[in-house]
Amino acid sequence: MTSTFHGIETSKRALFVNTTSMQTLGHNIANAGTDGYSRQRVNQTEARPIWAMGMTKSQQPGQIGTGVEYGSITRIRDSFLDTQFRRENQYLGSWEVLNSTMVSIQNILNEPSGSGLSKVMDDFWNSWETLNSDPSLLSARVAVAGAASNLVDTLQHVGESLTNLTNDINSSIDKKVQEANNIIDNIARLNVLIRDNESFGDHANDYRDQRDLLIDKLSTIVDVQSTENEVGVVSITAAGVQLLDGGDEPAAYLTAANAATATAGQLSGYNASLQETQLIRDQLNAMVSTLATGDVKVTLSNGYVTSNVMTALNDVTLSDGTVVTAGQNIPAGSQIASPMEIMVKGFNGLHELGYTLTEPTTSGIPFFVSNSGNFTIDDIKVNPEILKDTNKIAASSKFESKNGVNVAIRGNSDIANALTSLRDALFTFPAELTSLSKGSTDDYFRALVGDLGIRASNTERNFENQQSLADNLQIQRQSVSGVSLDEEFADMIRFQQAYNAAARNMTTVDEMLDRVINQMGVVGR
């Protein structure tokens with residue numbers, strides 16, 4: 001026979017289970033807005049039934065149930081969606097950083113605009129056009145010196161801005177590495193807590209939520225591969241480094257050098273940003289170096305007086321009738337009577353062929369100078385001698401002797417005209433830097449800006465696509481693991497009614513027992 005108090009025991013179990021369900025439901029509602037929280041569920045199951053035992057087997061059919069019990073409290077989580085989200089989230093972190101860097105680079109160049117580098121370059125060439133019209137005009141010479149100074153200042157400002165951007169990126173790498181290492185420390189601590197708690201047969205739901213959230217955050221910073229062993233401990237590899245290997249402490253930590261080995265995440269984005277910043281610097285350095293000292297072919301007009309020994313690319317007739325064939329040396333001080341094609345070392349090389357307005361006239365003065373001898377956006381300036389005395393701008397190709405002193409012909413602007421023509425001259429640029437390997441400096445700068453715009457557009461598009469993909473996966477995760485208040489309210493009513501019904505059942509069983517104990521067998525007393 002079953003116990004007389006079997007009904008009370010069945011009701012008691014129902015009360016306990018529904019109380020636990022209500023407590024878990026309250027925990028879900030309280031954490032509805034908690035980042036990384038997974039809703040929890042009480043897994044109810046039928047209690048083991050009993051067989052009505054007796055001296056002989058009971059003829060009563062079936063088994064007698066003993067109510068309900070719960071075997072565990074688990075969280076609702078889809079590990080497949082977690083893996084997908086982290087994979088896409090790490091690429092999102094990479095594209096987000098790179099997109100931000102591309103925007104910064106575009107802001108530094110400020111192109112196209114009315115105040116960017118191209119406008120300053122236009123002003124520089126236009127000032128030479130004005131000087132070419134009247135090389136003796138002082139205001140034109142001052143304008144050339146001023147426009148050249150503005151060009152140099154703009155280039156140096158761009159270089160300084162790129163340097164600051166590089167420093168900011170390196171600083172961000174250090175901060176992200178420190179953040180990642182802090183996350184690794186916390187994951188290692190949670191590994192121990194989860195292992196210890198679950199060794200007693202419980203489910204460390206809240207600790208697991210915290211650990212999963214930390215892994216999500218780590219996937220934003222760097223590429224992450226995680227595996228969980230049979231005792232609930234997670235091993236993590238990031239940027240090719242085994243950070244957690246199942247032990248109680250981290251096996252290793254990330255360093256700034258790991259940004260170069262990261263295949264995704266913000267560290268990978270910062271590494272790509274450094275490459276982009278260096279590429280822009282290299283492209284601008286190539287433009288500046290080529291303009292200042294790059295090989296270029298120019299044509300000098302009739303009447304030019306050679307300032308040094310020169311080698312022409314064509315046959316040249318001198319004023320005395322001598323014909324110098326191509327490739328032969330033309331003596332210094334010779335006056336040419338036919339156009340002469342020569343190779344010069346950029347703007348400086350051509351300017352050095354001209355004659356100044358100083359008395360006596362001089363030649364061989366470079367227009368631009370650098371501290372190191374190599375021209376870059378950080379190391380270029382207008383020759384201080386020219387800034388002190390604009391008469392040292394060598395615009396003339398001829399000189400005459402007055403009272404035994406060689407004096408440049410003030411109205412001659414052949415060299416100024418040749419320097420102006422360099423605006424459209426064909427230079428050769430490094431083929432690996434831009435889509436244009438041969439063209440004018442204006443063409444090269446337009447190609448540079450165009451290539452940058454294409455890369456920036458592609459980066460922005462990839463960032464937006466990755467953002468959409470990560471957001472969709474997060475929505476899917478929330479549909480599985482997130483807390484729905486409507487669903488929780490419905491469960492609240494269900495558990496409340498079940499609890500009330502169990503309490504009512506216990507009251508009824510108690511009344512039945514009261515009838516048997518206190519009211520039966522009292523007749524005849």
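Our structure's up above, just so we're on the same page.
Below: a short report on this structure. Since we're looking at a predicted model, the values are computed, not measured. (Residues numbered from 1 in each chain as written. Predicted model: local features only at pLDDT ≥ 70, side-chain atom pairs only at ≥ 80, totals over all residues. Heavy atoms only, no water.)

### A look at the packing of helix 2 (residues 79-109) against helix 4 (residues 138-198)
Line of reasoning, step 1. In contact at an axis separation of 10 Å, helix 2 and helix 4 are set at 165° when each is read in the N-to-C sense. Relative to helix 4, helix 2 is oriented roughly antiparallel. Here helix 2 runs over helix 4; the crossing is right-handed. Residue-level inspection shows T101, S104, I105, I108 and L109 of helix 2 in contact with helix 4, the latter providing V158, S161, L162, L165 and I169.
Line of reasoning, step 2. Residue composition of the contact of helix 2 with helix 4, by class: seven nonpolar, three polar and no charged. (Axes fitted to C-alpha atoms, helices over the stretch in contact; angles between N-to-C directions. Helix = DSSP H or I, 4+ residues; strand = E, 2+ residues; numbered from the N terminus. Parallel < 35°, antiparallel > 145°, perpendicular 65-115°, else oblique. Left-handed = near helix turned anticlockwise from the far one by under 90°. Contact = heavy atoms within 4.5 Å. Nonpolar A, V, L, I, M, F, W, Y, C, P; charged D, E, K, R; others polar.)

### What about the pairing of strand 4 (residues 234-238)?
Line of reasoning, step 1. Within strand 4, four of the five residues are buried, which leaves it mostly tucked inside the rest of the structure.
Line of reasoning, step 2. Here strand 3 (residues 224-228) runs beside strand 4; their pairing, made up of five bridges, is antiparallel. Across the sheet, residue Q225 finds its bridge partner in strand 4, namely T237.
Line of reasoning, step 3. Hairpin connection of strand 3 to strand 4: five residues between the antiparallel strands, including G232 at a positive phi of 90°.
Line of reasoning, step 4. With three bridges joining them, strand 4 and strand 5 (residues 241-244) adopt antiparallel strand pairing. Directly across from A238, in strand 5, lies its bridge partner V241.
Line of reasoning, step 5. Between strand 4 and strand 5, which follow one another and run antiparallel, lie two residues, and A239 among them has a positive phi close to 55°. (Buried < 20%, exposed > 50% of the residue type's maximum accessible area, 1.4 Å probe, protein only. Pairing = 2+ DSSP bridges.)

### Some points on the sheet that holds strand 3
Line of reasoning, step 1. With antiparallel pairing, three strands are arranged side by side in an open sheet as 3-4-5. This sheet does not close on itself; its edge strands, each paired only once, are strand 3 and strand 5. Direction aside, the axes of adjacent strands within the sheet are offset by 25° on average.
Line of reasoning, step 2. The strands touched by helix 4 are strand 4 and strand 5; relative to strand 5, the strand with the most contacts, the crossing angle is about 50°.

Taken by themselves, the reported measurements are silent on function.
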